[in-house]
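Chain by chain, the residues run as shown.
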Amino acid sequence: MCGIVGGVTNNDITALLLEGLNRLEYRGYDSSGLIVLSKNNTFDRARSVGKVKNLEDNLKARDQKILGNIGIAHTRWATHGEPSISNAHPHISMNSVSLVHNGIIENYIDLKNDQLNKGYSFTSETDTEVIAHAIDFAMKSCNTLISSVQLAIKSFSGSYGLGIISSKYPDQIIAARKGSPLIIGIGKNGNYIASDQMALLSVTKEFIILEEGDIAEIKINKITIYDLDGILVNRPITISKLKEGQVDLGNYDHFMQKEIFEQPQAIRDTLESRITKDSVVISAFGHKAETIFKEAKQVQIVACGTSFNAGLVAKYWLEDIAKISCNIEVASEYRYRHPMLLDHTLFITLSQSGETADTVEALKTAKIINNNISTLCITNSAESSLTRLSDLTFLTHAGPEIGVASTKAFTTQLVSLALLTCTIGKLKNIINKKQEKKIIDGLKRLPGLVNEALLQEVQIKDLAIRFKDTNSALFLGRGTMHAIAMEGALKLKEISYIHAEAYPAGELKHGPIALIDRDMPVIAIAPNDELLGKLKSNLQEVKSRGSQMIVFEDTNSKVEAMDAMEVIPVTSNLGRITAPIIFTIPLQLLSYHVALIKGTDVDKPRNLAKSVTVE
Ligand code: AGP
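The residue numbering used here restarts from 1 in each chain and proceeds along that chain's sequence as written. Residue-level local features of this predicted model are given only where pLDDT is at least 70; pairs of side-chain atoms are given and counted only at 80 or more, and the full residue set underlies all totals for whole chains, interfaces and linings. In computing side-chain properties, one takes all heavy atoms of the structure into account and sets aside hydrogens as well as water.

Caption draft 1: A look at the pairing of strand E9 (residues 183-186). The alternating pattern of E9 places Ile183 and Gly185 and Ile184 and Ile186 on opposite faces, both of which are buried. When DSSP finds at least two bridges between two strands, those strands are taken to pair. Secondary structure is summarised from DSSP: a helix means a run of H or I of at least four residues, a strand means a run of E of at least two, and numbering begins at the N terminus for each. As paired elements, E9 and strand E10 (residues 190-194) share four bridges and run antiparallel to each other. Looking at E10, one finds that Gly185 is bridged to Tyr192. One ladder, built from three bridges, connects E9 with strand E11 (residues 206-209); its direction is antiparallel. Residue pairing in the sheet places Ile184 in a bridge with Ile208 of E11. Three labels apply to residues, based on accessible area from a 1.4 Å probe with only protein chains included: buried if under 20% of the type maximum, exposed if over 50%, partly exposed otherwise in between.

As structure tokens, then:
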């Protein structure tokens, strides 16, 4: 949830720390800070509340530059303690240890009481400060920094990604990971740490992904890694395929806008080498996929937020098209209850980041409940906790998604789930060759169809003005479009702070219709499917209660426009698989333009973070 970057180099590190923080800001932006060891081995620290820009301004305003070859930095998403200078990282203990932390130390109150008794004082309300004191205390009985960290972390319960420096060991950074992502970058002029590769792309493409429980000692020309049991280990070096330009705005005003318009290419990339002229490539899901899918008796999906909405679409597809029973649940609930998990369940996790703590823990829970299941993760992150924990991995090739509001990750997840539905249906002899070809043809049309839907932007921009003073909105859809309505409502909430709810259109009469009046706009999705007649009746019910309505329709749906009801044709002749993907586009554009009108921070909406690696 927070972002960490650090390095030990031949050069001054400050500029790189700031660049890294800017690239990690999507992970949290309540406050930020950095610390370096200056020439005389003393700490020089700067911290600011708010965006990284405030930290940059703070540094510019200083008479004395912060200079040094070794340093760590942090951008925070507050969990314990409000966003304030004193709660911002890095934290320092006794002028001897300084660290940055991503995660939560759950037993920090017990540790704090113990440390108060030992004479330590606290300057923050965070759970992090106890880590610094624990390491300082351990240094009294250990003769290296890494052994002090190894000793101290034995007392922690919870999760951490840590970057640690010490004035007593000025040639090294210690990195430790448990439950929060952390990577090491190997550069020509030094070695680095970060929460993700994007932070370090300007200095290296070579990375070591730390595994759960790893602790590393990082010096300018030497990296030593110990595993959970303190055993010296060699972790492989991976070469990143990310390009620096991929994480820049280019000609766009916002990452969300850029990512909405990148969807045709992202879908093309996700389909590439996964389909042939007329069929799906089964091995794209991994060499064990064929056996696993044939054996699967039912599917359980867990995910959070937007990824959950994608999973809900897949539930309809898997049951309707592949005829396999499918349950879906939000990961934050699944992980804490005692679910039944039958043998031969295909357990699927969906996650853009591959690091969402609830989803990762739900997967671990599932494996404990029944080890006679198979696991598949669909993620946008090749080197992530989910990929490491799963039997099968299917990567969405969306490219880096920086905007906190997920867009291209969602549509590429849907494409991946469509391929999965087709694969399972085919392996179970539910889908014949003709039906498979029809699905593949539909998927191939998607990039063009998305481009067409994007052309509606001008009209949607005009519609957005109506939401200027709106406090609440209702999204309606039936079948898979209920999931798309949920995604539309989530987008509007996240970036324009308008209360929005989604309902299956048929459920309206059981309560929510009481909310409807002239001040509550209703946004409905009207594909030309077997439920169209029923949806039209529901729209009439809403209309007669005086609501202002916007209907996104398939041209063949022929929803009749009336007073206070605007009908926007989005596309035509869509099938069960293509329709949810295409109807997502106008909803993304609508929330983007409403947010612009409201003047919110589109890419970094308040209180949110891109990658939710805490509970
Ligand atoms: C989407 O717009 C949200 N920012 C959020 O709901 C997100 O989808 C959720 O936190 C799950 O993230 P993941 O896909 O990386 O697991």
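Caption draft 2: A look at helix H15 (residues 457-464). Inspection of H15 places Glu457, Ile460, Leu463 and Ala464 among the buried residues, and these make up the whole buried set. All buried residues of H15 lie within an arc of 115° about the axis, which places them on one face of the element. Looking at H15, the residues exposed on the side facing more than 90 degrees away from the buried face are Val458 and Asp462. Where H15 is buried, its residues contact helix H6 (255-261), helix H14 (433-454), strand E24 (549-554), strand E25 (565-571) and helix H18 (578-598). To be clear, the arc concerns the directions from the helix axis to the C-beta atoms. Contacts were defined at the residue level, with two residues in contact if any of their heavy atoms lie within 4.5 Å.

Caption draft 3: Just the packing of aromatic side chains, in detail. Each pair of aromatic rings taken from Phe, Tyr and Trp, with Trp reduced to its six-membered ring, is defined by centres within 6.5 Å and is described as stacked if the planes are under 30 degrees apart, edge-to-face if over 60, and tilted in the remaining cases. In total, this model carries five aromatic pairs according to the counting rule given. An angle of 25° between the planes, with centres 4.4 Å apart, marks the rings of Phe285 and Phe394 as stacked. One end of the pair, Phe285, is in the loop between helix H7 (263-271) and helix H8 (289-295); the other, Phe394, is in strand E20 (residues 392-395), with 109 residues separating them in the sequence. You can call Phe285 buried: its relative accessible area is 0%. These aromatic residues form a ring-pair network of at least three members: Phe285, Phe293 and Phe394. Geometrically, a charge over a ring is one whose NZ (Lys) or CZ (Arg) sits within 6 Å of the ring centre while staying within 35 degrees of the ring normal. The ring of Phe122 carries the charged tip of Lys112 above its face, separated from the ring centre by 4.9 Å.

Caption draft 4: Fine view of the layout of surface pockets. Note on definitions: the grid is 1 Å and covers protein atoms alone; a cavity is a set of points where a 1.4 Å probe fits but cannot get out; a pocket is an open set with protein on both sides within 12 Å along at least five of seven lines; lining residues have an atom within 4 Å of a point. Grid points are joined across faces, edges and corners, and a volume is the space filled by probe spheres set on the points. Size it by volume and the largest pocket reaches roughly 1200 Å³. The wall of the largest pocket is formed by 42 residues, among which Leu242, Asn380, Ser381, Ala382 and Pro400 lie closest to the centre. Every element with two or more residues in the lining of the largest pocket is listed here: strand E15 (237-239), H6 and H7. Tallying contributions element by element places H7 first for the lining of the largest pocket, with three residues. Partitioned by chemical class, the residues of the lining of the largest pocket number 13 nonpolar, 14 polar and 15 charged. How far each domain reaches was decided by an automatic or database domain assignment. Viewed by domain, the lining of the largest pocket spans two of them, domain 1 (3-247) and domain 2 (250-450), each represented by three or more residues. Under the grouping applied here, Gly and all other residues not named as nonpolar or charged are polar, the nonpolar ones being Ala, Val, Leu, Ile, Met, Phe, Trp, Tyr, Cys and Pro and the charged ones Asp, Glu, Lys and Arg.

Caption draft 5: Geometry of the site of the ligand. For each residue, the test is whether any non-hydrogen atom lies within 4 Å of the molecule or strand; if one does, the residue is near. Surrounding the ligand, one finds 15 residues, the nearest of these being Ser307, Ser351, Gln352, Thr356 and Glu494. Taking Thr356, its side chain carries an N or O atom lying 2.5 Å from an oxygen atom of the ligand. Computed on the free molecule, the ligand has an accessible area of 410 Å², of which 91% lies beneath the protein chains in the complex. When grouped by side-chain class, the residues that make up the shell around the ligand number five nonpolar, eight polar and two charged. Residue contributions to the shell around the ligand reach at least three from each of two domains, namely domain 2 (250-450) and domain 3 (455-615). Two N or O atoms count as a polar contact when they lie within 3.5 Å, although within protein this holds only if one can serve as hydrogen donor and the other as acceptor, and sequence-adjacent residues are included solely when both atoms are side-chain atoms. Computed by Shrake-Rupley with a 1.4 Å probe, the accessible areas treat only the displayed protein chains as cover when residues are assessed.

Caption draft 6: Broad picture of the packing of helix H1 (residues 14-24) against helix H2 (residues 52-60). Two numbers describe how H1 lies on H2: the axes approach to 9 Å, and their chain directions differ by 160°. When the axes of H1 and H2 are compared, the pair comes out roughly antiparallel. The handedness of the crossing between H1 and H2 is left-handed. Here Thr14, Leu18, Leu21 and Asn22 of H1 come into contact with H2, specifically with Val52, Leu55, Glu56 and Leu59. Classifying every residue of the contact of H1 with H2 gives five nonpolar, two polar and one charged. Axis lines are fitted through C-alpha atoms, for helices just across the contact stretch, and the angle between N-to-C directions can take any value from 0 to 180 degrees. Throughout, the term roughly parallel applies to angles under 35 degrees, roughly antiparallel to angles over 145, roughly perpendicular to angles from 65 to 115, and oblique to all others. The sense of a crossing depends on the near helix, which, turned anticlockwise from the far helix by less than a right angle, makes the crossing left-handed and, turned clockwise, makes it right-handed.

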